[in-house]
Amino acid sequence: DGEIKQTAAEIRERGRFNIPETSDESDMLYELGLMQSGVLTNACAFLFGKKPSRNLPQTRVRATVFSTDKGGDFLDDHVFEGHAFAILAQLIEFVQRNVRTVAEFDPGQMQRTDRPEYPFMALREGLMNALTHRDYSSFDSGMAVGIYPDRIEIWNSGTLPEGLTVGALKRPHPSLPPNPDIAHVLYLRGLIERIGRGTIKIVEDCKAARLPTPAWKASKSGVTLTIFGRQNAAAASKLNRRQKQLLDQLSIGDEVVPGDYYEQMSGVVSQRQAQ
């Protein structure tokens, strides 16, 4: 009830959708396509239900802190449930509690600056994307967040929309949400954008934090976003001059075709070295 009223208030304030002041909650749900013939949809249950996991166990999200990069033993493990906004708040609190703070000296500055190891806006965007785009159609679908010493992985069941590749996520691309009713409400609440910029913002935030470029991996089991931490950044700093030169030539979203690189380095190094 509270989240429905909050949603109505924010929709009217943002002006992204027309909901008359006289509309009651049922009217608003009808307008948003979350109620049909007097019956609430599954999307409505996930967005606003008090206990959606009773009938939709796939709405639960597991978050785990692992003690090593390989997984195995864990330091913290929790299963979150509730409506979409409650789960998001719980996940953000969990991540903030378990992400380390690192001390840095900015160029030209004498004072130390303490920053979280990962940019929270990128993490929030990754969590929102997973909640919005995951597969809710079957009981065995799910979402999981894994915090490792050197990275954070956010996995959600489902597949990328047809025609969209993991490489395209780093470039401007159309927004093709598999759960349009959920995405529409989150958009009206100002939590996501509908122009396909969320993944680009993740890349930009990681670059601004001097972290390696995040990576997406799509498989039959789902889509995984990996945001790399400081340890991975340190490993990247050990690249040789030729490797660093190649990275400097690339912009966000660029790809390297091996054959082109072999040709570019012909006469400089052998093909084996180029590989």
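Per-chain numbering applies: the sequence of each chain, read as written, is numbered from 1 onward. Since the coordinates come from a predicted model, pLDDT governs what is reported: local features require at least 70, and pairs of side-chain atoms require 80 or more to be given and counted, while whole-chain, interface and lining totals use all residues. By convention in this description, side-chain values take in all heavy atoms of the structure and omit both hydrogens and water.

Colleague: Quick one: what's the story with the pairing of strand β10 (residues 222-228), residue by residue and with numbers?
Modeller: The side chains of a regular strand alternate between the sheet's two faces. Within β10, seven of the seven residues are buried, which leaves the element mostly enclosed by the surrounding structure. Residues Gly222, Thr224, Thr226 and Phe228 line one face of β10 and the alternating positions Val223, Leu225 and Ile227 line the opposite face, and both faces are buried. DSSP bridges decide pairing: two strands pair if at least two such bridges lie between them. A run of H or I in DSSP counts as a helix once it spans at least four residues, and a run of E counts as a strand once it spans at least two, with each numbered from the N terminus. As defined by bridge partners, strand β8 (residues 151-156) adjoins β10 across six bridges and the pair is classed as antiparallel. Paired with Trp155 across the bridge in β10 is Thr224. In the sheet, strand β9 (residues 215-219) pairs with β10 via five bridges, with the strands oriented antiparallel. From the neighbouring strand, Ser219 faces β10, where its bridge partner is Gly222. Between the antiparallel neighbours β9 and β10 lie two residues. Each residue gets one of three labels from its accessible area relative to the maximum for its type: buried under 20%, exposed over 50%, partly exposed in between, using a 1.4 Å probe on protein chains only.

Colleague: Talk me through the packing of aromatic side chains; I want residue IDs and the actual numbers.
Modeller: Here the aromatic set is Phe, Tyr and Trp, taking the six-membered ring for Trp, and pairing holds for ring centres within 6.5 Å; pairs whose planes are under 30 degrees apart are stacked, those over 60 apart are edge-to-face, and all others are tilted. Scanning the model with the defined rule gives four aromatic pairs in all. Taking the centre distance of 4.9 Å and the plane angle of 45° together, the rings of Phe46 and Tyr136 count as tilted. Of the two residues, Phe46 is situated in helix α3 (residues 42-48) and Tyr136 in the loop between α5 (120-133) and β7 (143-147); the sequence distance between them amounts to 90 residues. Classification of Tyr136 as buried rests on a relative accessible area of 15%. Summarising the aromatic geometry, the rings of Phe66 and Tyr148 are spaced 4.6 Å apart at their centres and angled 15° between planes, so their arrangement reads as stacked.

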